[in-house]
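Chain and residue survey
Here is how the chains run, residue by residue.
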Amino acid sequence: MSFDPADISYIQIFPPIGIARLGDSGFDLSTGKLDGEIEWFLPSEIPGAEDMPADLKGQFRDANKRIKRQAVRFRVYAYRNDGTILGEITSGNDTGYNITWSVHVANHKGAWHEFSGEYQPMKGLRNPDVQPSLSPEKRSDLIVDSQVQTISDPLSRVELKGSFRGSRSDAVDVHLGEIRTDEQGHLIFIGGAGYSRSVANPAKPHFQPDIVSEFDSIDWVDDTCDGWVDVKVQHAGLTFTAFQKSTVLSAPPKFAWGIQSPTTMYDLIENIYHERIGWKDHDETQFYQDIWPVMHGAYTLSWVNNDAYHGHGVAGKGNFLTMEDKLATPGAATEEIQLLREHIFGRLRLPDYEDQDQASTKYMPRLAGNEGEAPAPGQPLLPGDPIKRFAALTRLQYQRFLQWKRGKFLASDAPWSQYTEFEKVPLALQPSFLTRAALDHTIGEPLYPGIEVDWAARNPKMYIFDTSREDNDPPFRFNHKVVQPGYIGRGLSLPWQTDFDQCNTHWWPSIRPDDVINIRDFASANVVPVDKFTEDIAPKRRQWTRGLRDTPDFPAEYYPGSTDMIHHWNKLGFVAKVPGIVVGESPKLPVWLENERMRIDASDIDRNKFQLTF
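Calculation notes
- Residues numbered from 1 in each chain as written.
- Predicted model: local features only at pLDDT ≥ 70, side-chain atom pairs only at ≥ 80, totals over all residues.
- Heavy atoms only, no water.
- Helix = DSSP H or I, 4+ residues; strand = E, 2+ residues; numbered from the N terminus.
- Rg over C-alpha atoms; globule rule 2.2 N^0.38 Å.
- Buried < 20%, exposed > 50% of the residue type's maximum accessible area, 1.4 Å probe, protein only.
- Contact = heavy atoms within 4.5 Å.
- Areas by Shrake-Rupley, 256 points an atom, 1.4 Å probe, with all protein chains shown as cover.
- Pairing = 2+ DSSP bridges.
- Salt bridge = Lys/Arg side-chain N within 4 Å of Asp/Glu carboxyl O.
- Expected span 1.5 Å × (residues − 1).
- Bend = angle between axes of the 7 residues up to and from the residue.

Here's the deal with the overall build of the chain
A tally of helices and strands in the chain yields 10 helices and 24 strands. Relative to the globule expectation of 25 Å for 614 residues, the C-alpha radius of gyration of the chain, 24 Å, shows essentially globular dimensions. In terms of its C-alpha atoms, the chain occupies a principal-axis envelope of roughly 70 × 65 × 50 Å. Per-residue burial for the chain yields a buried fraction of 60% across its 614 residues. Contacts spanning at least 24 positions in sequence make up 72% of the contacts within the chain whose residues lie at least 6 apart. A total of about 25,100 Å² of accessible surface is found on the chain, and carbon and sulfur atoms cover 47% of it.

Following this line, the structure appears as structure tokens:
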């Protein structure tokens, strides 16, 4: 650090929203107990990264074949009064700075209302027989709360845990993860183990009865959480506290690595800030920042979703990777390019549900929406508002595509494309890189209920709109005077595995694959001809959850797939880009394959018998 501490006016934490993901490393899911050292990894802090993080060393599983936990690192930066960034603050004897982090996370799922979508009336309480006269935020028997935990010295660690009582007299401990500091005093947040259980039978400490509720299992608790991160920095009598808190979310694992949703949380929140205060990441439409991530993402989704494969896969008419040069040509276009632009733009669904006639799988994205399941082609529209059953890009995304259609865009490389190491990123770009990279692989649409956040995250009242800062860093801050720990994810499925089972086919294939090609079914050659792929390999696509029972896609009194997901989620495979293997030669199309899938024995699942256990 080369700046004078006396020049510091305020400090700020980045990323403003950090995502950690569950994994059973260091935890025995068969007993519900910690039993060893947790292995974890950090994703890239540079946006646009689609390769497996270097920390993984090629394996999502540890030596015990358990899933490594995705952690998130928080950094603190110093600013002048005029918003000029001075530098990152690190701790240690050579810097003179002492950094103290505070973290408060919680899980309010059991205390919240039964699931309802954004456009449906609020329902009754989950666990209606426990503290029913209290407001949800005061139903303490149903809230897992870590309380405020602090950590300061480098290479320290503190476990995060709370308790859950439910309908029973004695509370049980719930492991929510841990916080650590590295050599430089950065905060490392590691989430929970992905363990879910019921407290309904005190005689069975590890009780996981059959699931009999779609989203609202009574007396169940899982180890997801959310909350805030704060920091205090001291130097030779000077003390600074963060201008605004950051947010941390602990969410289900991302089983499809390097595959991006058409609308991420970054897109969702940028749109909210643009509509409220006019903020956006940049002014002119940039092809490789705004347009290409959606188009390239359509191709990557083809490796985890069959509909995407037929439309945008290797031999699909909508394989944009084969058209990149034409799509990235700005300005006045040839008739061929202009027709291509207009055709693609004409297939985009209007934002904000503006055209009821677009309630069809003809329009993109071909994903379900914020009022529930989208009907398949040929099926009648479901009750409610049909257009809200289909996903759409945000208004800001749509406006940028409109500018692209008109040729009014720039095709320079994305600012992050030249960097592979965060330490080499110019200081002025680091906060924006951290903000976007943390949200690149999240879900911003649809939120029914969601993966990392529920549909409440679409409400502008959840955020801080402070225009007093002079810097142009992304202001993506939840308002933690309103949004208490546990609020952001309280509307998500309880336990998380039930939604992970049921929301398949056209929900969140960038997180939870629908169908995949296993690496053992792929050719051993480094270059696979397109015709060989389409004729010999593509037909070998299989359901990602093969081996687990199906849950009926109609209202039911039993959810066998959800029960199986609770017991076997940690055995499912990871889909990742395979280095050095491509399909075709011009262009060379990258390949995403399933690997590291564990065996699910038939004896583990009785397909001919389903007995309700209470």
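Brief notes about the pairing of strand β13 (residues 172-181)
Summarising burial for β13: 9 of the 10 residues are buried, a large majority. Where strand β12 (residues 157-164) and β13 come together, 8 bridges link them in antiparallel fashion. What sits directly across from serine 163, in β13, is aspartate 173. Relative to strand β14 (residues 187-190), β13 runs antiparallel, the two sharing 4 bridges. Residue arginine 180 lies in a different strand from β14, and its bridge partner there is isoleucine 188.

Things to note about the sheet that holds strand β23 (residues 574-583)
Pairing is mixed in the open sheet, where 3 strands are placed in the order β21-β23-β24. Edge positions in the sheet fall to β21 (527-528) and β24 (589-595), since each has one partner strand and no second. Relative to β23, β21 runs parallel, the two being bridged by 2 bridges. Paired with valine 527 across the strands is valine 582, a residue of β23.

Here's the deal with the pattern of salt bridges
Taken as a whole, this structure holds 35 salt bridges when the rule is applied. With its nearest N and O atoms 3.0 Å apart, the salt bridge here joins glutamate 270 to arginine 400. Placement of glutamate 270 in helix α1 (residues 265-277) and of arginine 400 in helix α6 (residues 395-405) is noted, with a sequence separation of 130 residues between them. Judged by relative accessible area, arginine 400 falls into the buried class, the value being 8%. A single network of salt bridges, built from pairs that share partners, joins Glu45, Arg73, Arg75, Glu88 and Glu423.

Some words on helix α2 (residues 287-301)
Along an α-helix, a turn takes 3.6 residues, which lines up residues three or four apart on a common side. Its 15 residues give α2 an end-to-end C-alpha distance of 20 Å, which sits within 8% of 21 Å, the value for a rise of 1.5 Å per residue. At proline 293, α2 shows its largest bend, some 35°. Counting buried positions along α2 gives 14 out of 15 residues, so the element sits mostly inside the fold.

A word on the pairing of strand β9 (residues 98-107)
By the criterion of burial, β9 is predominantly enclosed, with 9 of the 10 residues buried. Sheet topology places β9 next to strand β17 (residues 225-235); 9 bridges connect them, and they run antiparallel. Paired with histidine 104 across the two strands is tryptophan 228, which belongs to β17. Two strands pair when backbone bridges link them, and β9 and strand β11 (residues 149-151) are joined in this way by 3 bridges, in the antiparallel orientation. Bridge pairing links tryptophan 101 to isoleucine 151 in β11. Pairing geometry for β9 and strand β10 (residues 144-145), over 2 bridges, is antiparallel. Each residue of the ladder has a partner; that of asparagine 107, found in β10, is valine 144.

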